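Chain residues, written in single-letter form:
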Amino acid sequence: MTRLRSVAALFMAVMSVGVCSARDVSPASLHRLLVLSGTAQQVQQIPVLLRLGLQEAKQRVELQAKTPSQKAAFAIEFTQIEQAMNTTFRPADIMRVIAQHVTHNVSEQDARAMLAWFQSPTGRRISQAEENASTPQAYRQMIASARTSLANRPRVHFAIELDKLLHITESVMTLDENNALAMFTALAGAAHPGHPVPTKAFRETIAQKLQQARPKFEMLTIITSVYTYRHIPMTSLHKYLTFLKTPGAMRFNKSLQRGLETGIRQAMTKLAKAIVVIGQKISRHAHTARPAHPGQP
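Procedures and definitions
- Residues numbered from 1 in each chain as written.
- Predicted model: local features only at pLDDT ≥ 70, side-chain atom pairs only at ≥ 80, totals over all residues.
- Heavy atoms only, no water.
- Helix = DSSP H or I, 4+ residues; strand = E, 2+ residues; numbered from the N terminus.
- Buried < 20%, exposed > 50% of the residue type's maximum accessible area, 1.4 Å probe, protein only.
- Areas by Shrake-Rupley, 256 points an atom, 1.4 Å probe, with all protein chains shown as cover.
- Phe/Tyr/Trp six-rings, centres within 6.5 Å; stacked < 30°, edge-to-face > 60°.
- Core = buried A, V, L, I, M, F, W, Y, C linked by side-chain atoms within 4.5 Å.
- Contact = heavy atoms within 4.5 Å.
- Expected span 1.5 Å × (residues − 1).
- Arc of directions from axis to C-beta.
- Salt bridge = Lys/Arg side-chain N within 4 Å of Asp/Glu carboxyl O.
- Polar contact = N/O pair within 3.5 Å; in protein donor to acceptor, adjacent residues only side chain to side chain.
- Patch = residues over 30% accessible without salt bridge, like charges linked within 9 Å, V, L, I, M, F, W, Y side chains within 5 Å.
- pLDDT = per-residue confidence, 0-100.

Some thoughts on the overall build of the protein
- When helices and strands are counted, the protein shows 15 helices and zero strands.
- Counting every position in the protein, which comprises 297 residues, the buried fraction comes to 43%.
- In the form shown here, the protein has an accessible surface area of approximately 16,500 Å², with 59% of it arising from carbon and sulfur atoms.

Set out below in C-alpha cells:
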C-alpha cells in the first residue's frame, strides 16, 4: 500500500468512526487492515520526519547567526515551533481522519480480500518493506543511493507504473500546495487583519511553480519506490501491481490518500496559526526589550 502502529492510536481511530452501514468495513476489519497494511506505523513516522526537517532547517539558520545572542534567539524560536508541531501533528488525529475515509469507502468484502493479500508471504514482505522505508534513517540512505536506484531500469519502470497507478507524485504535489496555502493564509491574515487574503493568486503562483518542479517530484517518487522495494523480487512486484489494480485495493488506496491529505492539511493549518502566534510573541518581546533612545522616558 501507499507509504503512509500505536495500538492506542488505532483504537481511538476505530472508535471514532461510529455506527457502520451494511456496506462499510467493520471496525475489527478496519483495525486489522490499517495494521497489516503498515499504514498506522507509517503515520507514526510523520512527526518524526517533520522534526528531522525542522532540525536541518535550524542548523542552516544558525549558520547565518552573526552573534551568540542571535543564535540563542533562533534556538528558542525553533524550540517553540517544535513544541507547536508536537501538538498539531498528532498521529492519532491523522489516523482518525484516514479511518473515517476508509470506513465509508471500503466494504467488508473489499477488506477481506485485501486482508488475504496482506497476510500472504508477498503481501507481508511488501508491507514490511514500506514500513522500513518510512524512517528518517531510511530517507537518508534513499537519497544517498539515488544514482544507483536510477540506474536500475527494470525497477525504475516498475516505479513509473506504480506512480501512474497510485498517483503518488500528484498526491505529494497536492500536499505541498495545501501546506504552502495554509502557511500563506495564516501569515497574511496576521499581517493584515480584517483584510481578505488573496489566496486565488497565491494558489495560481504555487501551482505554476509546482508544475515547473514536476520532473523533480517524479524523480523523487522513482527513487523512493526503487529504494523501498529493492529487496523484493520483480516477480513479486508484478503481483503487487496486479493486486493494486483490483477494485477493492483501488478504493482502499484512494481513501488512504484522501484521508492522509485531509489529516495533514488540517494539522498544517493548525501549525501555521501556531507559528503566527509564536512570531507575534517574539516580535512583542523584541519591541519591549529594545533599549530606549536618549531623551525617551
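Here we look at the packing of aromatic side chains
- One pass over the full model with this rule turns up six aromatic pairs.
- Geometrically, the ring pair formed by Phe118 and Phe243 is edge-to-face, given 6.1 Å between the ring centres and 75 degrees between the ring planes. Highlighted residues: Phe118 in helix H6 (residues 108-118) and Phe243 in helix H14 (residues 234-244), separated in sequence by 125 residues.
- Given a relative accessible area of 9%, Phe243 falls into the buried group.

Quick notes on the nonpolar core
- By size, the foremost hydrophobic cluster in this structure holds 51 residues, and its most contacted members are Phe89, Ile98, Leu162, Tyr240 and Phe252.
- When residues of this core are assigned to their parent elements, the largest contribution, 10 residues, is made by helix H15 (residues 247-289).
- If we skip the residues at most four places from it in the chain, Phe89 touches Ile46, Pro47, Leu50, Ile94, Ile264, Ala267, Met268 and Leu271.
- Leu181, Ile206, Leu210 and Phe217 belong to the second-largest nonpolar core, a separate cluster that totals six residues.

Things to note about helix H10 (residues 153-166)
- Between its terminal C-alpha atoms H10 stretches 20 Å, which fits the 20 Å expected from 14 residues at 1.5 Å a residue.
- Here H10 has its buried residues at Arg155, Val156, Phe158, Ala159, Leu162, Asp163 and Leu166. Projected onto a plane normal to the axis of H10, the buried residues spread over an arc of 155 degrees and lie on a single side. Residues of H10 that are exposed and angled more than 90 degrees away from the buried face: Arg153, Pro154 and Lys164.
- Positive phi shows up at His167, right after H10, with a value of about 55 degrees.

Looking at the pattern of salt bridges
- Applying the stated criterion across every chain yields a total of eight salt bridges.
- For Arg251, the salt bridge goes to Asp110, with nearest N and O atoms at 2.9 Å. Residue Arg251 is located in helix H15, and its partner Asp110 is located in helix H6; the two are separated by 141 residues in the primary sequence.
- For Arg251, a relative accessible area of 37% translates into the label partly exposed.
- In this structure Asp110 comes out as buried when scored by relative accessible area, which is 10%.
- The closest approach of N and O atoms between Arg203 and Glu177, which form a salt bridge, is 3.0 Å.

Looking at the environment of Ser29
- Mapped onto the fold, Ser29 is located in helix H2 (residues 27-36).
- Within the local environment of Ser29, its side chain forms a polar contact with the side chain of Glu108, the two groups lying 2.6 Å apart.

Here we look at a nonpolar patch on the surface
- Residues Leu49, Tyr139, Ile143 and Leu220 make up a contiguous nonpolar surface patch of roughly 310 Å² in combined accessible area.
- Inspection of the secondary structure puts Leu220 in helix H13 (residues 214-228).
- Look at Leu220 and you get partly exposed, because its relative accessible area is 34%.

A look at unusual backbone geometry
- One non-glycine residue with positive phi stands out, namely His167, at about 55 degrees.
- With respect to the element layout, His167 can be found in the loop between H10 and helix H11 (168-191).
- Its relative accessible area of 45% is what places His167 among the partly exposed residues.

A closer look at H2
- Residues of H2 that are buried: Ser29, Leu30, Leu33 and Leu34. One side of H2 carries all its buried residues, which in axial view fall inside an arc of 125 degrees.

Concerning the side chain of Ser37
- Mapped onto the secondary structure, Ser37 falls in the loop between H2 and helix H3 (39-63).
- Within the local environment of Ser37, its side chain forms a polar contact with the backbone oxygen of Leu33, the two atoms lying 2.8 Å apart.

Focus on the confidence of the model for the protein
- Chain-level statistics for the protein give a pLDDT mean of 82 and a share of 85% at 70 or above.
- For residues 2-22, every residue scores under 50 in pLDDT, and the model assigns this stretch 46 contacts once sequence neighbours within four places are set aside.

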